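Residue-level structure breakdown
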Amino acid sequence: MSDVPETPAPQGKASEPHPLDSLTGGAFSAATSGERAARIREWLTSNPPAERLQEVFKELSARDKGAARAVRERLDEIRRAQAQEAIAAEWAGKAEALLAAPRVNIADAMAWQRDAAKAGAPLSREPLSSLKSQLAERIKTIEDLQHRVQVQREAAVLLAQRIEVLSTKPWASAQEALPLLSADVQRWQAQAEELSGDAAWPSVEPRFPAQLESSRTQLLVVWEAFQQALQQTVAAAQDANAPLPPVPVWADELRQARGEPTEAEKEQARTASAPPRPKVDPAQREAARQAVQQALARLEEETAQGHGKASAGAATALRAVLKVHGKLIDGELEHRVHAALVAAGELEGWQRWSADQVREELVARAEGLANRPEGQALGGRKMQETLRQLREQWKQADQGAPANHALWKRFDEACNNAHKVVEAWLDKVRSESAQHRAQRLALIDELKAWAAQQAEAATPDWKGASRALHQFGERWRLGGHVSEKVFAELQPLWKQALADAGAPLAAAQKASLAQRHAMIDEAAALGGAPQLRIDAIKALQQRWQAEAQAVPLDRRQEQKLWDAFRKPIDEAFSRKSAARERDTAQLGARDLAVLEASKALEAANAQGDAQKIREAMAALDAALKAQPGQDAEAKVPETGSQQAQAAIDSGVGQAAAAELGADAEAAPAPAAAPARPVVAVRGDDRPQARKPATPAPEPRGRFGDRRGSDGARGARDGSWERGRGRDGGRDGGAFAPRAPRLGDTAFRAQREALEQAQTTLRKLAAQAHGEALTQLMTAWKSRDAAQMPGAQELGGKVSSSGRSAWAQALSSPAAGDAAEALLRLEIAAEVPTPAEQIAARRALQLQLLTRRNDPSPQQTWEQDAARVLSSASDEAQARRLQQALKVLLRK
């Protein structure tokens, strides 16, 4: 013994741990897929970096796709998160730029939120959430400023109206209201200064500052004129020589105070003293009337059609015409003009009212979208389309009437609230699109790997390759929805990978197509030959089948090729069959006899009488063996063709067999060899006995030919045949001349009649057998031997002694136990035993093994049946006995 320690055998590469096994907690060395997936999930809880995830996924996907699914999902989550972060950073920068700008456009701020939602930006998370709130606050501030400008405009108009009303009252009342009116004017100016000094004032639409400035200018002009007129009135009241104010009411009041005539009195005096007005030229009056009627007709037409803007323009044009020709028209036309102007004003007001009604309906619909019940909530796409339609309808309403900012604000808020559903749906769609894109890229990689694996295979399986490519195509078709841009990016990659993977199969199909066309040409040559070569046709068919099984083609193309291949051969066989039928027309009398015997056999089959069926079968057999010119009862040697029988057995085709048979009959029949005498030899099995010389078997030629005793070759044309051929003759194994061949119709008729007769006899035998067992069970139940079936009904399997024992058992009173006898019968018949008796059957089988000299159950089944019949009958035992006897009476 050596003291040198044993060196451990070096382990192979298969036992070396994977480099990533320690990183993943032993996922690569796990024994089962479930353990591998559990360790991968446990490793993912440590939030490994994306680089490690990519390495693990690349290695693990080649081993276990199920365990690699969790890694792929984590990678997809990281990609989605990175994409969300990039989108959020982009739109956050845009929002900050909007907020930092000195002037913010409301349309741009509102478009930011809409476009960010369309791009998939996470508006509900920071920093976009706070930026969204800041923009909304900025928009609200700007809208409030614009609304306050409109209020200031209305206030300026009211102040001007107050001043105008005071100018129509006594100047003393105006002097009393002056301090309050002055305070209101100063307050309005302060509010206007406050508006223009607001930080958000540069972001207000340009038309609002212009409107405020215009209102301020008009108000100040009216206010200053009112103050000057009032001061001048006060001075004229104190000094009679002071000039009168420009206000007519106050000037008339001062004139009355001074005792001077008023302006109205002066006008009346001038009118009374003025000469009469000259008459107007009728042509000028008619021209004025036509001009006014033309403008009036246009206004009435636009008003009748309900065109708000067009009617307003027509009314303006009519007023301009009235300024020129108003003094020259009559009263009736003037009345029509005023009525048309009033109607146009009402139409303009109705347009504004109807537009507001439409807007309120749109607001209600938009608010209803966000407040729908959970079961009736719209999907993302349907919600998006509905919101788009609502906004388009709002734009149409704004085109026919002035805008309503209050309703627009409500409508926009409702649409934004409802758009949250669209945002969630868009996030889901983008997530699914990214996942589907990753799946399609993985499928392309898998197809490339499969193509590389197929290229390395020594003997490619083209059928399997075609099936795999079809499966790849189905998986690509069902790969999920992606955007048009992504699909346009992936589709060329997929087509290229599929073309590369299917190139070997396409080349094999091209070569197979060329071979099949060559075989079609060969089949056409064989079919056109004057003498059919059955062996060549069979070999060609086998080559075609081998090629079809090796390389698959399109189903339609393959069927067309097969039809083209078989057409010339079928046509050749059809020509030969027609020629054979013409040559064998002289055998019609025998065919007719066989047909009549076949019909008689079919009639006997229909009656269901076994005796008549056997008689009809004998008559058909006699008709088959009869020679032309002989009686049906005369048995003659058989004739036929072994080549035809060989063709039938080989499956080349019925037409080929018929052709060979026709050729055999066409040849002259050689003289029959002399029959050899049969010598009976008594066997002697003693060891010292000498065996008689066994004659050597006669040598056989090709196709079953037999050489005669003189060494000459037997008939090579198939005139000798063993067994039953197409003529139906049977010689018990000896060679004898057979009758001429039957026609195709007679041969098929006698074959079908015989097959049907054999089936009917089997059914009748089974029916008689079942009825005999039923009678036997009835006799056992009633203990009456007279009811037991006869020996012929029971069949030849039951001996006379056995039947006597059964009758004796049924005649005596019931006694004894039949349990062991039933088990022996079931063992003899090899039928199953009930579950509760299986243990007893196994015990009995063990006992039978120890009883070497006792007869087996197969030898004593008649006695066992007699023991069962001597016992009392019950339903379970009767069923077991009937099942066993059903098998034993048939063996």
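These remarks concern the structure in this document.

Turning to the overall build of the chain, a few remarks are in order. Looking only at helices and strands, the chain features 29 helices and 2 strands. Residues counted as buried form 35% of the 891 residues belonging to the chain. Considering only intrachain contacts with a sequence separation of at least 6, the fraction spanning at least 24 residues in the chain is 69%.

A grouping of Arg114, Lys118, Arg388 and Lys395 is seen on the molecular surface, where their side chains present a positively charged patch. At the level of elements, α4 (106–118) and α13 (380–399) are the ones that each hand at least two residues to the positive patch. For Arg114, the location among the structural elements is in helix α4.

Another aspect to go through is the pattern of salt bridges. In total, this model carries 25 salt bridges according to the counting rule given. Across the salt bridge formed by Glu522 and Arg543, the nearest N and O atoms sit 3.3 Å from each other. Of this pair, Glu522 sits in helix α16 (residues 484–528) while Arg543 sits in helix α17 (residues 534–550), and the two are 21 residues apart along the sequence. Glu522 gets classed as partly exposed once you look at its relative accessible area, which sits at 32%. Put simply, Arg162, Asp184 and Arg187 are held in one network by salt bridges that share partners.

Of all hydrophobic cores here, the largest spans 48 residues; its most connected members are Trp112, Leu128, Phe226 and Trp250. Of all the secondary structure elements, the ones that give two or more residues to this core are α3 (65–100), α4, α5 (128–166), α6 (171–196), α7 (207–238) and α8 (248–258). The leading source of residues in this core is α5, at 11 residues. Apart from the residues lying within four places of it in its own chain, the contact partners of Phe226 are Ile163, Leu166, Ala174, Leu178, Leu181 and Trp250. Formed by 31 residues, the second largest nonpolar core is a distinct cluster that contains Leu794, Val798, Ala818 and Ala865.

Overall, the coordinates contain 11 aromatic pairs when judged by the stated rule. Sitting over the face of the ring of Trp91, Lys94 holds its NZ or CZ atom 3.9 Å from the ring centroid. Here the basic side chain of Arg440 rests over the ring of Trp476, its NZ or CZ set 4.5 Å away from the ring centre.

Another aspect to go through is the packing of helix α20 (residues 610–625) against helix α23 (residues 744–782). At a minimum axis distance of 11 Å, the contact between α20 and α23 shows a crossing angle of 155 degrees. Here α20 is positioned roughly antiparallel relative to α23, judged by the angle of their axes. Crossing handedness for the pair α20 and α23: left-handed. Contacts from Ala610, Ile613, Arg614, Met617, Leu620 and Leu624 of α20 reach α23 at Gln750, Leu754, Ala757, Thr760, Leu761 and Leu764. Tallied by class, the residues present in the contact of α20 with α23 amount to 9 nonpolar, 2 polar and 1 charged.

All right, on to the environment of Leu99 then. With respect to the helices, strands and loops of the structure, Leu99 is situated in helix α3. By relative accessible area, which is 16% here, Leu99 ends up buried. Distance from Leu99 to Arg138, taken between C-alpha atoms, is 8.2 Å for residues 39 residues apart in sequence. Residue contacts for Leu99: discarding those within four places in its chain leaves Leu131, Gln134, Leu135 and Arg138.

Another point: helix α27 (residues 838–850). Taking 1.5 Å per residue as the helical rise, α27 with its 13 residues ought to reach 18 Å, and the 19 Å between its terminal C-alpha atoms agrees with that figure. Along α27, the residues classified as buried are Arg841, Leu844 and Leu848. Relative to the axis of α27, the buried residues are bounded by an arc of 65 degrees and lie together on one face. With respect to the buried face of α27, the exposed residues turned more than 90 degrees away are Ala839, Arg842, Leu846, Leu849 and Thr850. Looking at the buried side of α27, the elements it contacts are α26 (819–829).

We now examine the side chain of Gln491. Along the polypeptide, Gln491 turns up in helix α16. A distance of 3.4 Å separates the side chain of Gln491 from the side chain of Trp476, its partner in a polar contact.

In this section: the packing of helix α25 (residues 800–811) against helix α28 (residues 861–870). Where α25 meets α28, the closest approach of the two axes is 8 Å, and the angle between their N-to-C directions is 10 degrees. Here α25 is positioned roughly parallel relative to α28, judged by the angle of their axes. Together, Gly802, Ala805, Trp806, Ala809 and Leu810 of α25 and Trp861, Glu862, Ala865, Ala866, Leu869 and Ser870 of α28 make up the contact between the two elements. Taken together, the residues of the contact of α25 with α28 break down into 8 nonpolar, 2 polar and 1 charged.

Let us now look at unusual backbone geometry. At Asn47, a residue that is not glycine, the phi angle is positive and equals roughly 50 degrees. Given the relative accessible area of 60%, Asn47 is considered exposed. Positive phi, normally seen in glycine, also occurs at Arg783, with a value near 55 degrees. For Arg783, the position within the fold is in the loop between α23 and α24 (791–794). With relative accessibility at 23%, the residue Arg783 sits in the partly exposed group.

About the thresholds
Residues numbered from 1 in each chain as written. Predicted model: local features only at pLDDT ≥ 70, side-chain atom pairs only at ≥ 80, totals over all residues. Heavy atoms only, no water. Helix = DSSP H or I, 4+ residues; strand = E, 2+ residues; numbered from the N terminus. Buried < 20%, exposed > 50% of the residue type's maximum accessible area, 1.4 Å probe, protein only. Contact = heavy atoms within 4.5 Å. Patch = residues over 30% accessible without salt bridge, like charges linked within 9 Å, V, L, I, M, F, W, Y side chains within 5 Å. Areas by Shrake-Rupley, 256 points an atom, 1.4 Å probe, with all protein chains shown as cover. Salt bridge = Lys/Arg side-chain N within 4 Å of Asp/Glu carboxyl O. Lys, Arg positive; Asp, Glu negative; His and termini not counted. Charge placed at Lys NZ, Arg CZ, Asp CG, Glu CD. Core = buried A, V, L, I, M, F, W, Y, C linked by side-chain atoms within 4.5 Å. Phe/Tyr/Trp six-rings, centres within 6.5 Å; stacked < 30°, edge-to-face > 60°. Lys NZ or Arg CZ within 6 Å of the ring centre and 35° of its normal. Axes fitted to C-alpha atoms, helices over the stretch in contact; angles between N-to-C directions. Parallel < 35°, antiparallel > 145°, perpendicular 65-115°, else oblique. Left-handed = near helix turned anticlockwise from the far one by under 90°. Nonpolar A, V, L, I, M, F, W, Y, C, P; charged D, E, K, R; others polar. Expected span 1.5 Å × (residues − 1). Arc of directions from axis to C-beta. Polar contact = N/O pair within 3.5 Å; in protein donor to acceptor, adjacent residues only side chain to side chain.

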